[in-house]
Every structure is written in C-alpha cells, then in structure tokens.
Amino acid sequence: QVQLVESGGGLVQRGESLRLSCAASGFGLDDYPIGWFRQAPGKEREGLSCIRSSDGSTYYADSVKGRFTVSRDNVRNTVYLQMNSLEPEDTATYYCATAESGYGCYTLEYYKMDYWGKGTLVTVSS
C-alpha cells in the first residue's frame, strides 16, 4: 500500500529554516517521483518542487528557487525539503505526493498526483 507521511513542520520566525521529511512506503523512490506542494487557507494549491525517480533530478517553482532544496535518502526511503530564508508568505500546509505514471516532474501540477500525505503545517511569523 502506497503511503506518504510528512513531518517537520512548526512555528518559526522570518529568516529561519526548517527541514521537512516525507517518509514513503509501498514503493521505492527509484520507482515514482516525489513532489512537494503547499496550500494556504483560501489559496490554490501550489507546486514547489519535485525529484525524479530515474536519476534524482530536481525541479523548483520560481517562488522557492534558491531557497528550497529537495533531496532523497534511498536507504531510509525518505525525501526531504530544506527550506531556508522563510518568509510569512511561506505559511501553509505542506504536502508530499507521488504519481504512478505519466508524471515526470517537469511540471508541478497537483492534479496529476495520485497519492498524498496528510500534510504538515508550517507557520512563519513576522
């Protein structure tokens, strides 16, 4: 059974950093890509980053490029999202997701994903 569990969210001040984790089970990271998304109350779900299963190549939305970094640990079957220089605008619930087929990380479209974690809340104060 495919499962994704996010962790690492919390309350931080502007300029601080957090590292989120996405623990995957039921599949290997070499099988399917992992995408990171976020959604704030009243706003659309936003794609942030993705890591490909085939070669580990990474992709980023312009809004987080240079601040966020995605990586993976194949032994622990866990994907990480390192978030630096956080701003209040980054406040949202953060989700990881995966797609069984037909998604190659080139676009960050949430509706193409098949499985989602329950999310972890990140709050950045002014």
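Below you will find a few notes about this structure. In this text, all values refer to a predicted model and were calculated from it rather than measured experimentally. (Residues numbered from 1 in each chain as written. Predicted model: local features only at pLDDT ≥ 70, side-chain atom pairs only at ≥ 80, totals over all residues. Heavy atoms only, no water.)

Considering all chains together, one arrives at two disulfides under this definition. Residue pairing for cysteine 22: its cysteine sulfur links by disulfide to cysteine 96, the two sulfurs lying 2.1 Å apart. Note on the cysteine 22 and cysteine 96 pair: the S-S dihedral is about 75 degrees, so by sign convention the disulfide is right-handed. A residue pair is termed long-range when its members are at least 10 positions apart, and cysteine 22 in strand β3 (residues 18-25) and cysteine 96 in strand β9 (residues 92-98) qualify at 74 residues. The side chain of cysteine 50 participates in a disulfide bridge whose partner is cysteine 105; the two sulfur atoms lie 1.8 Å from each other. Taking the sign of the S-S torsion, about -50 degrees here, the bridge from cysteine 50 to cysteine 105 comes out left-handed. (Disulfide = S-S within 2.5 Å. Helix = DSSP H or I, 4+ residues; strand = E, 2+ residues; numbered from the N terminus.)

If you walk across this open sheet you meet the four strands as β1-β3-β8-β7, and the pairing is antiparallel. Two strands lie at the open edges of the sheet, namely β1 (3-7) and β7 (68-73), each paired on one side alone. The average undirected angle you get between the axes of adjacent strands in this sheet is 20 degrees. (Pairing = 2+ DSSP bridges. Axes fitted to C-alpha atoms, helices over the stretch in contact; angles between N-to-C directions.)

The next subject is the pairing of β1. Residue alternation in β1 divides its side chains into a buried set, Leu4 and Glu6, and an unburied set, Gln3, Val5 and Ser7. Looking at chain direction, β1 and β3 are connected through five bridges and run antiparallel. Following the sheet pairing, serine 7 is matched in β3 by serine 21. (Buried < 20%, exposed > 50% of the residue type's maximum accessible area, 1.4 Å probe, protein only.)

This model, assessed by the stated rule, comprises seven salt bridges. A salt bridge links glutamate 87 to arginine 14, with the nearest nitrogen and oxygen atoms 2.6 Å apart. Residue glutamate 87 is found in the loop between β8 (78-83) and β9, and its partner arginine 14 is found in the loop between β2 (11-13) and β3; the two are separated by 73 residues along the sequence. Between aspartate 30 and arginine 72 there is a salt bridge, and its shortest N-O distance comes to 3.6 Å. With aspartate 30 in the loop between β3 and β4 (34-39) and arginine 72 in strand β7, this residue pair connects regions lying 42 residues apart in the sequence. Among the residues examined, arginine 72 registers a relative accessible area of 24% and is labelled partly exposed. Members of the salt-bridge network, linked through shared partners, are Arg38, Glu46, Arg67 and Asp90. (Salt bridge = Lys/Arg side-chain N within 4 Å of Asp/Glu carboxyl O.)

Further remarks concern the environment of proline 41. Considering the arrangement of structural elements, one finds proline 41 in the loop between β4 and β5 (46-51). With relative accessibility at 80%, the residue proline 41 sits in the exposed group. Measuring from C-alpha to C-alpha, the distance between proline 41 and threonine 93 comes to 8.6 Å, with 52 residues separating the pair along the chain.

A few words on unusual backbone geometry. A positive phi angle is found at asparagine 77, which is not glycine, with a value near 55 degrees. Tracing the sequence through the fold places asparagine 77 in the loop between β7 and β8. A relative accessible area of 16% places asparagine 77 in the buried class. A positive phi angle is found at serine 85, which is not glycine, with a value near 50 degrees. Within the element layout of this structure, serine 85 appears in the loop between β8 and β9. For serine 85, a relative accessible area of 39% translates into the label partly exposed.

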